[in-house]
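# Descriptive structure summary
Spelled out, the chains give:
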Amino acid sequence: MSLLFDTRDGKFDTRRVETFSDAVLAVAITLMVLRIAPPVARDGQSVGDLFWNETVPDVIYFLITFVVIVLFWIHHHDNFTLLPRRMSAQALWLNMGFLACICLLPFGLEFFSQENATVLTVAVYAGLMAVATIFLGALGRIARGSWEAGAFIGAAVFLLAIPFAPLLGGWCLMVWWIDVPIDRLVRRHRARQAARTP
C-alpha cells in the first residue's frame, strides 16, 4: 500500500510507462474500430437502409471518440515531457487510472451505441471520458506543479452531453466538439506561460 502513496521520484522509468500507455491507447482505438461491421441485409431491410441507419452512426461515434482519444494522447505526451526521467509511484497510479478509463471506452462506446442513447448510456460513456480527463489533469498537476482549469472544463464538457440525451439521442455527443476550441485555448495559454518563464 505504501507504493500507492509514495510521491518520491525515481521509482519508475518514465519512457517505459509512456510506451506502455501509447500501446494501451492504440489497442483501445483498434477495439473500437473493430466493432464497426458492414451491413448485412435482414428482415427485408435493404443494405443501403442498414448502412445509413446503423453503420454511419457507428462510424460517426467512432470518429468522435477517436478525436477525443487523440486529444488525450496529445495532453498525455505533453505531461510526460515534463515529468522527470524516473517518475513517482503517485504519477504511475494516476496514469494507470487514466489508462483504466481508456480500456473501458470500447465497452462504453458499445453500450452507448447498442441502446438508443438513454441518459444512462450517455452517463456511462461521458462519465468514463470525464474521469479519464480528471486523471490526466491530476497527472498534469504533478508534471506542471499546479492544476489547470482545462481538466475541469474538459470533464464538464463531457458531462454536458448527458442532459441532451433525451432530446438529441446519439447526436448529443456533438456537444463534445466544443472541447476542441477550448483545448486550443488551453494549449495557447500554456505556451504563453512557458514563454514568460525564464
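Anything mentioned here points back to the structure above.
Residues numbered from 1 in each chain as written. Predicted model: local features only at pLDDT ≥ 70, side-chain atom pairs only at ≥ 80, totals over all residues. Heavy atoms only, no water.

### Concerning the packing of helix 3 (residues 47-82) against helix 4 (residues 89-114)
What describes two packed helices is the angle between their axes and the distance between those same axes. Where helix 3 contacts helix 4, the two axes come as close as 11 Å, and the packing angle between them is 175°. By the angle between their directions, the pair helix 3 and helix 4 is classed as roughly antiparallel. Contacts between helix 3 and helix 4 involve D58, Y61, F62, T65, I69, F72, H76 and F80 on the former and, on the latter, N95, F98, I102, L105, L109, F112 and S113. Taken together, the residues that form the contact of helix 3 with helix 4 break down as 10 nonpolar, 4 polar and 1 charged. (Axes fitted to C-alpha atoms, helices over the stretch in contact; angles between N-to-C directions. Helix = DSSP H or I, 4+ residues; strand = E, 2+ residues; numbered from the N terminus. Parallel < 35°, antiparallel > 145°, perpendicular 65-115°, else oblique. Contact = heavy atoms within 4.5 Å. Nonpolar A, V, L, I, M, F, W, Y, C, P; charged D, E, K, R; others polar.)

### Points about a positive patch on the surface
Together, R184, R188, R192 and R196 line one region of the surface with positive charge. Here R184 is to be found in helix 7 (residues 179-196). The exposed category is assigned to R184, whose relative accessible area is 55%. (Patch = residues over 30% accessible without salt bridge, like charges linked within 9 Å, V, L, I, M, F, W, Y side chains within 5 Å. Areas by Shrake-Rupley, 256 points an atom, 1.4 Å probe, with all protein chains shown as cover. Salt bridge = Lys/Arg side-chain N within 4 Å of Asp/Glu carboxyl O. Lys, Arg positive; Asp, Glu negative; His and termini not counted. Charge placed at Lys NZ, Arg CZ, Asp CG, Glu CD. Buried < 20%, exposed > 50% of the residue type's maximum accessible area, 1.4 Å probe, protein only.)

### Observations regarding the pattern of salt bridges
Overall, the coordinates contain 3 salt bridges when judged by the stated rule. The partner of R15 in a salt bridge is D13, with the nearest N and O atoms 3.7 Å apart. Judged by relative accessible area, which is 47%, R15 ranks as partly exposed. With relative accessibility at 18%, the residue D13 sits in the buried group. For R35, the salt bridge goes to E110, with nearest N and O atoms at 2.6 Å. One end of the pair, R35, is in the loop between helix 2 (14-34) and helix 3; the other, E110, is in helix 4, and 75 residues separate them in sequence. By relative accessible area, which is 16% here, R35 ends up buried. Linked through salt bridges whose partners overlap, the residues forming this network are R35, D58 and E110.

### Remarks on the nonpolar core
In a soluble, globular protein the nonpolar side chains are often hidden away together inside. Among the nonpolar cores identified, the biggest contains 47 residues, and F72 and W176 are the most heavily contacted of them. Considering every element that reaches this core, the biggest residue donor is helix 5 (residues 119-144), with 11 residues. Among residues more than four places away in sequence, those in contact with F72 are F98, I102, M129, A132, T133, L136 and F158. (Core = buried A, V, L, I, M, F, W, Y, C linked by side-chain atoms within 4.5 Å.)

### Thoughts on the side chain of D78
When you line up the elements, D78 lands in helix 3. Among residues more than four places away in sequence, those in contact with D78 are R144, R187 and R190.

By themselves, these observations are geometric and do not establish any function.
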